[in-house]
Amino acid sequence: MVMAGELPVVPADLISCTTCHGSQLQGNRSVNAPRLAGLPAWYVRQQLQAFRAGWRGADPGDDTGAAMRPQAAALDDAALERAVAFVGAMKADPVSTQRPRAGDAERGAQIYRSCAACHGQGGEGNAVLLAPPLAGLDGWYLQGQLQHFRDGVRGAVPADLAGTRMRVSSTLLEDEQAIQDVIAYIATLEPALGTGIYSSTSNEDSPMLNKHSTLAAASAVALGLATAGAQAEVRRHKLPDSDFPIAQAVEILPGTTLVYHSGMTPAPANPDAERYSAEFWGDTEAQTLSVFKRLEASLTAKGLTFGDVVKMQIYLVAPEPGGAMDFQGMMRAYRLYFGTESQPNLPARSAFQVAGLAAPGMLVEIEVVLARP
């Protein structure tokens, strides 16, 4: 990159980028153009590719994305890499970050605990998990993107794995106040040297790891903090600084018998209703309750309880075609059985949105692995 003083020279074919994003890529609130300076190269590349592929900017509700999409579409692979290098050479000025005026940072800190699993305790981001840095981003931009994820404007394309994961996570933000609160907390995070949006190293390329290495890395992180479980054969590792009712990891010690239980689906909520209709099965919360009741009966017959569950996988179907799964409905039922005073043992758990289950209208299937006491 050719430098002029301390600023990189803008490549001739990228001058249009500075029209909206600013001569130093500092962003421009008046045209809803976000700050680019200081973002890691892997994330800039990923998002330009998302715009080119139509993952971003194609939804009618995304006006600013619609303006960006043709700009990205005009870049061939070589021009895209020049854009990535240009952004990487432009360092951010933390003093100019626009802080939000509303929101309860203390409440936002509680909400952010679930965000930290991917984005880091300090908002530094995680390339392995494809989670960008949040510390230092302007509040107005975060607000708009969180609303887009929540409303399905962004993250609705199945091929956009990182986006769809974020869309599900955004359902934890129950209302506009929750969005304002978590943004207020993020605004308090100051990126340390070597991390985040002002990092001297954050723009170095990180390899786009495949699915298996991503899961392996996430599992390695999950083994960081440990607390003893309720049983001698099992050690349950809590989520750090979080009261979300799942375990970060569960360690099974030698000599323990594992029981693999097949997936359980719900019984009809109203057998007299039209077969396979919404009334026939019930909503996500009702179906989850039905699954847990059926599962409880099956476990009891085998001399097991929910306290013996060490791993759980939940498959959810969106109630409406093209929509998002009802994560909160599932959680309301889940919290009745896990993390209670009478049943505090938490499993390692994954939740997935899937296209469909065994019968039309079914929204929930749950399978578990147990450690026999």
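Calculation notes
- Residues numbered from 1 in each chain as written.
- Predicted model: local features only at pLDDT ≥ 70, side-chain atom pairs only at ≥ 80, totals over all residues.
- Heavy atoms only, no water.
- Helix = DSSP H or I, 4+ residues; strand = E, 2+ residues; numbered from the N terminus.
- Phe/Tyr/Trp six-rings, centres within 6.5 Å; stacked < 30°, edge-to-face > 60°.
- Buried < 20%, exposed > 50% of the residue type's maximum accessible area, 1.4 Å probe, protein only.
- Lys NZ or Arg CZ within 6 Å of the ring centre and 35° of its normal.
- Salt bridge = Lys/Arg side-chain N within 4 Å of Asp/Glu carboxyl O.
- pLDDT = per-residue confidence, 0-100.
- Contact = heavy atoms within 4.5 Å.
- Axes fitted to C-alpha atoms, helices over the stretch in contact; angles between N-to-C directions.
- Parallel < 35°, antiparallel > 145°, perpendicular 65-115°, else oblique.
- Nonpolar A, V, L, I, M, F, W, Y, C, P; charged D, E, K, R; others polar.
- Expected span 1.5 Å × (residues − 1).

**A word on unusual backbone geometry**
Right, so step 1: The backbone phi angle of N32 is positive, close to 55 degrees, even though this residue is not glycine.
Right, so step 2: Topologically, N32 is positioned in the loop between helix 1 (15-21) and helix 2 (41-53).
Right, so step 3: For D241, which is not a glycine, the phi torsion comes out positive at approximately 55 degrees.
Right, so step 4: Here D241 is to be found in the loop between strand 3 (234-238) and strand 4 (247-252).

**Observations regarding the environment of S169**
Right, so step 1: Mapped onto the elements of the fold, S169 is located in helix 7 (residues 161-170).
Right, so step 2: Here the alpha-carbon distance between S169 and F149, two residues 20 residues apart in the chain, equals 8.7 Å.

**Some points on the packing of aromatic side chains**
Right, so step 1: According to the stated counting rule, one finds 13 aromatic pairs in the structure shown.
Right, so step 2: Each ring, one from F292 and one from F338, has its centre 5.9 Å from the other, and the planes form 55 degrees; the classification is tilted. Placement of F292 in helix 11 (residues 284-301) and of F338 in the loop between helix 12 (327-334) and strand 7 (348-353) is noted, with a sequence separation of 46 residues between them. Per residue, the accessibility class of F292 equals that of F338, and both read buried.
Right, so step 3: A residue is classified by how much of its surface remains accessible, and F338, at 1% relative accessible area, is buried.
Right, so step 4: One aromatic cluster is present, formed by F292, F306, Y334, Y337 and F338 through successive ring pairs.
Right, so step 5: Just above the ring of Y334 sits the side chain of R349; from NZ or CZ to the centre is 4.5 Å.

**With respect to the side chain of N345**
Right, so step 1: Tracing the chain through its elements places N345 in the loop between helix 12 and strand 7.
Right, so step 2: Residue classification places N345 among the buried positions, given a relative accessible area of 10%.

**Comments concerning the pattern of salt bridges**
Right, so step 1: Evaluation of the coordinates by the stated rule reveals 8 salt bridges.
Right, so step 2: The partner of D13 in a salt bridge is R82, with the nearest N and O atoms 2.5 Å apart. Here R82 lies in helix 4 (residues 77-89) and D13 lies in the loop between strand 2 (7-8) and helix 1, a separation of 69 residues in the sequence.
Right, so step 3: Of the residues examined, D13 reaches a relative accessible area of 38% and is grouped as partly exposed.
Right, so step 4: For R82, a relative accessible area of 37% gives the class partly exposed.
Right, so step 5: When salt bridges with common partners are traced through the structure, they connect R150, D151 and E176 into a single cluster.

**Some details on the confidence of the model for the protein**
Right, so step 1: Overall, the prediction assigns the protein a mean pLDDT of 84, with 84% of residues at 70 or greater.
Right, so step 2: Segment residues 1-5 is flagged for pLDDT under 50; beyond a separation of four residues in sequence, or across chains, it makes 10 contacts in the model.

**Points about the environment of F149**
Right, so step 1: On the secondary structure map, F149 appears in helix 6 (residues 139-151).
Right, so step 2: In this view, F149 contacts R154, G155, G163, M166, R167 and S170; residues no more than four positions away in its chain are not counted.

**Considerations on the packing of helix 2 against helix 3 (residues 63-73)**
Right, so step 1: Where helix 2 contacts helix 3, the axes come no closer than 8 Å and their chain directions differ by 95 degrees. The orientation of helix 2 relative to helix 3 falls into the category roughly perpendicular. The residues of helix 3 that touch helix 2, namely those facing L48, F51 and R52, are G65, M68, R69, A72 and A73.
Right, so step 2: Of the residues contributing to the contact of helix 2 with helix 3, the split by class is 5 nonpolar, 1 polar and 2 charged.

**A look at helix 2**
Right, so step 1: Here helix 2 spans 18 Å end to end across 13 residues, near enough to the 18 Å set by a 1.5 Å rise per residue.
Right, so step 2: Most of helix 2 sits inside the fold, with 10 of its 13 residues counted as buried.
Right, so step 3: Of the positions making up helix 2, those classed as buried are A41, W42, Y43, V44, R45, Q46, Q47, L48, A50 and F51.
Right, so step 4: Here the buried face of helix 2 lies against helix 3, helix 4 and helix 7.
Right, so step 5: Just downstream of helix 2 lies G54, where phi reads positive at about 85 degrees.

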